[in-house]
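Coordinates in review
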Amino acid sequence: MGGSDARWTDCAGGQDDESLQLRQRLAELELVVKRQADELAAANLRAHELRQLLTPLAENGRARASEELQQAQWLEHELAAGTARLVAAPSLEDVLRLVGELLEEAAISSALYSPEIDASGAVVALRPEAFYSRDRSKPTPAARLPLAAVPTLRQVLDEPDRVLFFDGQPSGGALGQEEQQMAARHGVAAGVVLPLRLPDRWVGLITLSWPTPQRFRERERRLLQGLLTSVALAVDNRVLLRRTRAALADNQRQRAFLQAILDSLPIGIIAIDAESLHPLFHNETARQMTGHQITPDRSFFEQAQATRFFRLGTRELAPSDELPVRVALRTGQRCQGDFDVESPVIGQGTVEAIAIPIRDEQGRTSACLLTIRDLTERKRAEEERARLRA
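Model, not experiment: these values are computed from the prediction.

Some words on the overall build of the protein
Within the protein, the regular secondary structure consists of 10 helices and 12 strands. Relative to its 390 residues, the protein shows a buried fraction of 33%. Long-range contacts, defined here as pairs at least 24 residues apart, represent 53% of the contacts in the protein between residues at least 6 apart. Just so you have it, the protein exposes about 24200 Å², and 54% of that area is on carbon and sulfur atoms.

So, the pattern of salt bridges
Under the counting rule described, the total for this entry stands at 20 salt bridges. Two residues, Arg 253 and Asp 250, come together in a salt bridge whose shortest N-O distance is 3.4 Å. In this pair, Arg 253 and Asp 250 both sit in helix 6 (residues 228–264), 3 residues apart, roughly one turn of the helix. Given the relative accessible area of 52%, Arg 253 is considered exposed. Glu 316 serves as the salt-bridge partner of Arg 311, at 3.1 Å between the closest nitrogen and oxygen. A relative accessible area of 30% means that Arg 311 is categorised as partly exposed. Residue classification places Glu 316 among the partly exposed residues on the basis of a relative accessible area of 44%. A network of salt bridges, in which partner residues are shared, links Asp 94, Arg 97 and Glu 101.

Observations regarding the packing of helix 2 (residues 92–100) against helix 6
For the pair helix 2 and helix 6, interaxial distance at closest approach is 9 Å and the crossing angle is 160°. If you check the angle between helix 2 and helix 6, you find them roughly antiparallel. Considering the relative orientation of helix 2 and helix 6, their crossing is left-handed. Contacts from Leu 92, Glu 93, Val 95 and Val 99 in helix 2 reach Val 231, Ala 234, Val 235, Arg 238, Val 239 and Arg 242 in helix 6. A class-by-class count of the residues in the contact of helix 2 with helix 6 yields 7 nonpolar, no polar and 3 charged.

Description of unusual backbone geometry
With phi around 65°, Leu 277 is a residue other than glycine that occupies positive phi space. Here Leu 277 shows up in the loop between strand 7 (268–273) and strand 8 (279–282).

Section: the sheet that holds strand 11 (residues 347–359)
In spatial order, the strands read 8-7-12-11-10-9; together these 6 strands make up an open sheet with antiparallel pairing. Each end of this open sheet is capped by a strand with a single partner; those strands are strand 8 and strand 9 (308–311). Geometrically, the sheet is characterised by an average inter-axis angle of 30° between neighbouring strands, direction not taken into account. Direction of pairing for strand 9 relative to strand 10 (residues 335–343): antiparallel, over a ladder of 4 bridges. Note that in strand 10 the partner of Arg 308 across the bridge is Glu 342. Against the sheet, helix 9 (residues 324–331) engages strand 7, strand 10, strand 11 and strand 12 (365–374), with an angle of about 155° to strand 12.

Concerning the pairing of strand 6 (residues 201–210)
The buried fraction of strand 6 amounts to 9 of the 10 residues, a majority that puts the element mostly inside the structure. Bridging between strand 1 (residues 109–117) and strand 6 involves 5 bridges; their strand directions are antiparallel. If you follow Ser 110 over to strand 6, its bridge partner there is Leu 208. In this structure, strand 5 (residues 190–198) lies alongside strand 6, joined through 9 bridges in antiparallel fashion. Paired with Gly 191 across the bridge in strand 6 is Ser 209.

Side note on the packing of aromatic side chains
Counting across every chain of the model gives 4 aromatic pairs. Aromatic side chains Phe 165 and Phe 216 sit 5.2 Å apart centroid to centroid with 55° between the ring planes, which places their arrangement in the tilted category. Placement of the pair is Phe 165 in strand 4 (residues 164–166) and Phe 216 in the loop between strand 6 and helix 5 (218–226), with a sequence separation of 51 residues. Accessibility classification places Phe 165 together with Phe 216 in one group, the buried group. An angle of 70° between the planes, with centres 5.6 Å apart, marks the rings of Phe 300 and Phe 301 as edge-to-face. The exposure class of Phe 300 is buried, given its relative accessible area of 8%.

Considering the nonpolar core
Counting 34 residues, the largest nonpolar core has Leu 112, Val 192, Leu 194, Leu 196, Ile 206, Leu 208 and Val 235 as the members making the most contacts within it. The set of elements that each furnish at least two residues to this core consists of helix 1 (2–88), helix 2, strand 5, strand 6, helix 5 and helix 6. At 6 residues, the largest contribution of residues to this core is made by helix 6. What Leu 196 contacts, discounting residues up to four positions off in sequence, is Leu 112, Trp 202, Val 203, Gly 204, Leu 205, Ile 206, Leu 228, Val 231, Ala 232 and Val 235. Ala 286, Ala 304, Val 325 and Phe 339 belong to the second-largest nonpolar core, a separate cluster that totals 21 residues.

A few points about the state of the cysteines
According to the stated counting rule, one finds 0 disulfides in the structure shown. The thiol sulfur of Cys 335 is not disulfide-bonded, and the nearest other cysteine sulfur, from Cys 368, lies at 9.0 Å. When its relative accessible area of 0% is taken as the criterion, Cys 368 is described as buried.

What about the side chain of Ser 114?
Mapped onto the elements of the fold, Ser 114 is located in strand 1. With relative accessibility at 3%, the residue Ser 114 sits in the buried group.

Side note on the sheet that holds strand 6
On the basis of which strands lie adjacent, the open sheet formed by 6 strands has the order 3-2-1-6-5-4 and antiparallel pairing. Two strands in the sheet have a free side with no partner beyond their single neighbour: strand 3 (145–146) and strand 4. Of the pairings in the sheet, the one linking strand 1 to strand 2 (residues 123–133) comprises 9 bridges and is antiparallel in character. Paired with Tyr 113 across the bridge in strand 2 is Pro 128. Relative to strand 6, helix 3 (residues 151–158) is tilted by about 130°, and along the sheet it contacts strand 2, strand 3, strand 4, strand 5 and strand 6. Against the sheet, helix 6 touches strand 1, strand 2, strand 5 and strand 6, its axis set at about 75° to strand 5.

Parameters at a glance
- Residues numbered from 1 in each chain as written.
- Predicted model: local features only at pLDDT ≥ 70, side-chain atom pairs only at ≥ 80, totals over all residues.
- Heavy atoms only, no water.
- Helix = DSSP H or I, 4+ residues; strand = E, 2+ residues; numbered from the N terminus.
- Buried < 20%, exposed > 50% of the residue type's maximum accessible area, 1.4 Å probe, protein only.
- Contact = heavy atoms within 4.5 Å.
- Areas by Shrake-Rupley, 256 points an atom, 1.4 Å probe, with all protein chains shown as cover.
- Salt bridge = Lys/Arg side-chain N within 4 Å of Asp/Glu carboxyl O.
- Axes fitted to C-alpha atoms, helices over the stretch in contact; angles between N-to-C directions.
- Parallel < 35°, antiparallel > 145°, perpendicular 65-115°, else oblique.
- Left-handed = near helix turned anticlockwise from the far one by under 90°.
- Nonpolar A, V, L, I, M, F, W, Y, C, P; charged D, E, K, R; others polar.
- Pairing = 2+ DSSP bridges.
- Phe/Tyr/Trp six-rings, centres within 6.5 Å; stacked < 30°, edge-to-face > 60°.
- Core = buried A, V, L, I, M, F, W, Y, C linked by side-chain atoms within 4.5 Å.
- Disulfide = S-S within 2.5 Å.

Here's what the structure looks like:
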């Protein structure tokens, strides 16, 4: 009996030790769980605080992204619309007006300067090509602008991909003191300079002017920058068109002047194409000799077939291949001959015909200049003098 009690006591003591260990282990686990719970609560608190900090930033970022998208869409639309307006502009002055109206506060005036190139190909000066002003009393640009007098323009030429803005604000600093004084003399307080350059050459510069200081927004700067190539192409096309029209008008004036001189001559003059034998031009005396208008759509010989050419002093018809025009075209040499003629217009008479070949740049005969002088009166006078002497 005593042994059984000892074993029971030992067993009970062992159970107590094991229970104590379990309770200690449980207490440790509870501490660990509590510590983890505290850490999780602190983490949640920090996450909440972080969300509170990030939410405005995210919203601000989304707003900026939305604004950037709107700006990009606006710029794309304005670039397309601006290019379309430039393409449709009927004149160079309209191009200058449209460029000045691209900004929120439209420019009071705009000017196009063409580059003056020296022998080395460098731009040394600018000359005004066209001018537009909303205020007709605005003075026009200087006749010639040496780059040495305006260093800022030299800077623009050195950086042909960048539009220059000077807003007229005290902190602007885009112009030097002398340039500011020059601008003030012309009533310019703020301005923009657009360099216009194509891959192979300079087109020129466009200047926009305001009589008061301006605030240029970023979207306006990006718009002008994006339209540089379109403006350069529009200006280049209009300048070439203007110069072509001027050259054509000058050519027409010279042609009219030459025609007036030719029509006043008492000698018939006809230019004949070497290949088709169609008349290229003629004067009034030639028309009177033939008795009808000489048209450019038929061979000259067909139009002159009513006139018969005889060897001088005979009734023997001159062979066609002996006529001066055909000889000159065949040989490439000047040919002259006198003929007795009969025609329904002048009746019987005597003419002097001279044919001179005209050569092209390759030296080939491309045309023939025919002059016809009426010798009838002179021949009659000579015959009368001979009769009197006899």
